[in-house]
2 protein chains.
Amino acid sequence: MDELPLDQVRTLLAVVDEGTFDAAAAALHVTPSAVSQRVKALEQRTGRVLLMRTKPVRPTESGEVVVRFARQLARLERDARAELGLAAEQGPVRIPIAVNADSLATWFLPALTRVPQDPPICFELHREDESHTTALLREGQVMAAVTSSPDPVAGCTVRRLGLARYRAAASPEFAAVHFTGSLAEDLREAPTVVFDRRDALQDAFVRSLTGGRSGAGRIRHLVPTSDGFRDAVAFGLGWGMVPEPQAEPLLRSGRLVELAPARPMDVPLYWQQWKLDSPALSTVAEVVATAAAEALLTDRGSGAPENA
Amino acid sequence: MDELPLDQVRTLLAVVDEGTFDAAAAALHVTPSAVSQRVKALEQRTGRVLLMRTKPVRPTESGEVVVRFARQLARLERDARAELGLAAEQGPVRIPIAVNADSLATWFLPALTRVPQDPPICFELHREDESHTTALLREGQVMAAVTSSPDPVAGCTVRRLGLARYRAAASPEFAAVHFTGSLAEDLREAPTVVFDRRDALQDAFVRSLTGGRSGAGRIRHLVPTSDGFRDAVAFGLGWGMVPEPQAEPLLRSGRLVELAPARPMDVPLYWQQWKLDSPALSTVAEVVATAAAEALLTDRGSGAPENA
């Protein structure tokens, strides 16, 4: 990766960010043919195809590596300029972070309010989406992520934040209709709320009750926002695994009932971030780790199974 | 589009849904080379490239048309089988819908609870994302969408649902620090919470106060979930345009203050759906339109500007 011509690297980044060669040319104030030549030269030098010529263009896996390099380069340049007192005209520091929906709906935002805002830091939050987050980190579109994936993305460090606890819950009316006999049997028939197609938590819970024989039922409503998920359960569309901080007030007020109080499910969360020495990112990482230590469970506790 | 061999059309759909030729072959119980031959034959017959051979494969714009056709075909077949009493083994009806985040966080879920669940209908909600929703509709991955885009997607009908009202709000502490002089001037400097990069509502509000001279300030926090957005404003990360149903309880309890009570912003919402006669979809469309008429504003009211 050494001796990559930096004008070519910056050009590749502009093409990815702008989406087309023409738009990149306009942004860089050069001709489209100059953009095209620089990208081709970089592909020859690296011996790899770096861009898929789709609309918009997208980096290949090799291209993502170069794009991340370009973003890290820009970040370092910017930090250096800030230290030299040359940064005034560049605007505030931007920290893009991917966050899983349940963390964003519970402990993460209060944590961010603890980050000192002098000089100001702009938080650019992205909705985490496991496969997508890996690409965002690999490409350098986010500098860090709160994710349930422990697999380190290339160029990133991983740190365990703690366990998020989920409780199986339903509205009292829903429970009265659907849970009249054996819970394990009833759960195989009852409508279920799941976050999205990848959300395996409800199935894991039912499997834990049935000794692995069966997952949740076939009537599944997909509600891919954290508060929407909790509301769908409270409105009686189905039962679901609700994050403890969101379930607590509704359990207390009687809008939710817990199906198996002795069987919470715990999901480990991780902080992944660029291997890059950025003072603002370090500050955010420390604040997030401290807030996570307060808000999440730190051990496996009370026999609850861990689910990735 | 007539005389498209249906086995080839179904094969294309399987490749798009499974992501690779090998996975499609496994799902269809044929060899990968049979899958490849069918897709090539379909491309020759239509005279178009239908798939981008990326990982995972993605349909081209022409491919999206064939994929939607394949999904509509599957839906019609399924409705016919249900009417013939042959559907028992196929499981419940699935209605995939894209919904913009603010509707999902406010009026949309209570509406869904009014849809009769006999026979059961599975709601598969997707987070709306303007550009993405167009592709989801065009490809047929969702049958309908609640969206702020009035532009009909090919193959879809559009119906106006009403106006969603937003109010400029901040925490009292934030307002005391940042709004001490002229609101229009102060808003150009104060930190702003925006939903994502495409969210132009805060800029439109500031422009409406400054006679178009200026948008919101440079310190922008991006918080791309509806409840997260409201929480970020209530926690004092910045000011922002909060949906009225979410703002109301916090304004009443004093956790938020309104910056310009006489100047709400109204955003029109639309229902886009497949031109396809599906009984379940028609039921959902009616329930959604009725709930929207109750929850949203039906005219431009009180001189509030309309913002797309």
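These figures come from a predicted structure and were not determined experimentally.

Peer 1: What is the right way to read the relation of the copies chain A and chain B from this model?
Peer 2: Relating the two copies of this chain is a rotation about some axis coupled with a shift parallel to it. Rotating chain A by 180° about the axis while translating it 0.2 Å along that axis superimposes it on chain B, leaving an RMSD of 0.1 Å. Classification of the inter-copy transformation places it as that of a two-fold axis. In terms of proximity to the rotation axis, the leading residue of chain A is Asp227 of chain A, whose C-alpha is 3.5 Å off the axis. Of the residues that chain A buries at the interface, 97% are likewise interface residues in chain B, meaning the two copies contact each other through the same surface.

Peer 1: Please explain the confidence of the model for chain A as it appears in this structure.
Peer 2: For any part of a model where pLDDT is low, the fine detail of the predicted coordinates should not be relied upon. Residue and element names in this part refer to chain A. Of all residues in chain A, 92% attain a pLDDT of 70 or more, and the chain-wide mean is 87. Here helix H7 (residues 130-139) stands out as the least confident element of chain A, with mean pLDDT 77; strand E10 (residues 257-258) is the most confident, with 98. Note on residues 301-308: pLDDT is under 50 here. Beyond four places in sequence and across chains, it has 18 contacts.

Peer 1: What's the story with the UniProt feature "domain: HTH lysR-type" (unreviewed entry) in chain A in this structure? I'm lost.
Peer 2: The UniProt record annotates "domain: HTH lysR-type" (unreviewed entry) at residues 4-60 of chain A. Annotated as residues 4-60 of chain A, this span is 63% helix and 7% strand, and its ends, taken at the C-alpha atoms, are 17 Å apart.

Peer 1: It is not clear to me how the interface of chain A and chain B should be interpreted in this structure. Could you clarify?
Peer 2: Quite often, the size of an interface is put as the accessible area lost when its parts meet. With 38 residues of chain A at the contact, the number on the chain B side is 37 residues. Taken together, the two surfaces of chain A and chain B that pack against each other cover about 3,300 Å², and 64% of this comes from carbon and sulfur. Among the residues chain A hides against chain B, the three largest losses belong to Leu109, Arg127 and Arg218 of chain A. Together they make up 19% of the total. Linking chain A with chain B are two salt bridges. A salt bridge links Arg197 of chain B to Glu124 of chain A; the shortest N-O distance between them is 2.4 Å. Joining chain A to chain B, the criterion identifies eight residue pairs in polar contact (both at pLDDT 80 or more). Those elements giving two or more residues to the side of chain A that touches chain B turn out to be helix H6 (108-112), strand E4 (121-127), strand E8 (220-222) and helix H11 (226-234) of chain A. Looking at the side of chain A that touches chain B, the element that brings in the most residues is E4 of chain A, giving seven residues. Looking at the side of chain A that touches chain B residue by residue, the classes come out as 18 nonpolar, nine polar and eleven charged.

Peer 1: Would you mind going over the pattern of salt bridges with me for this structure?
Peer 2: Any two side chains of opposite charge can pair, on the condition that their charged atoms come close. Inspection of every chain in the model, using the stated rule, returns 36 salt bridges over all chains. Residue Arg230 of chain A pairs with Asp231 of chain A through a salt bridge whose shortest N-O separation is 3.0 Å. Of the charged contacts, one joins Arg38 of chain B and Asp7 of chain B as a salt bridge, the two residues approaching to 4.0 Å between their closest N and O atoms. Of the two residues, Arg38 of chain B is situated in helix H3 (residues 32-46) and Asp7 of chain B in helix H1 (residues 6-18); the sequence distance between them amounts to 31 residues. One salt-bridge network, held together by shared partners, links Asp17, Arg71 and Glu139 of chain A.

Peer 1: Even after reading the chapter, I still don't get the packing of aromatic side chains, so can you show me in this structure?
Peer 2: Two descriptors summarise a pair of aromatic rings, namely the distance from one centre to the other and the angle between the planes of the rings. Residue and element names in this part refer to chain A. Applying the stated criterion across every chain, the model contains six aromatic pairs over all chains. With centroids separated by 5.8 Å and ring planes inclined at 65°, the aromatic side chains of Phe174 and Phe179 adopt a geometry described as edge-to-face. Summarising the burial analysis for this pair, Phe174 and Phe179 share the class buried. Look at Phe205 and Trp239: their rings are 5.7 Å apart centre to centre, the planes differ by 50°, and that puts the pair in the tilted class. In this pair, Phe205 is assigned in helix H10 (residues 201-209) and Trp239 in the loop between H11 and strand E9 (240-243), connecting sequence segments 34 residues apart. Note on accessibility: Phe205 and Trp239 belong to one class, buried.

How each quantity is defined
- Residues numbered from 1 in each chain as written.
- Chains lettered and ligands numbered in written order.
- Predicted model: local features only at pLDDT ≥ 70, side-chain atom pairs only at ≥ 80, totals over all residues.
- Heavy atoms only, no water.
- Least-squares fit on C-alpha atoms with pLDDT ≥ 70 in both.
- Contact = heavy atoms within 4.5 Å.
- pLDDT = per-residue confidence, 0-100.
- Helix = DSSP H or I, 4+ residues; strand = E, 2+ residues; numbered from the N terminus.
- UniProt positions renumbered as here; feature names shortened; annotations may be inferred.
- Buried area = accessible area lost by both parts, 1.4 Å probe.
- Salt bridge = Lys/Arg side-chain N within 4 Å of Asp/Glu carboxyl O.
- Polar contact = N/O pair within 3.5 Å; in protein donor to acceptor, adjacent residues only side chain to side chain.
- Nonpolar A, V, L, I, M, F, W, Y, C, P; charged D, E, K, R; others polar.
- Phe/Tyr/Trp six-rings, centres within 6.5 Å; stacked < 30°, edge-to-face > 60°.
- Buried < 20%, exposed > 50% of the residue type's maximum accessible area, 1.4 Å probe, protein only.

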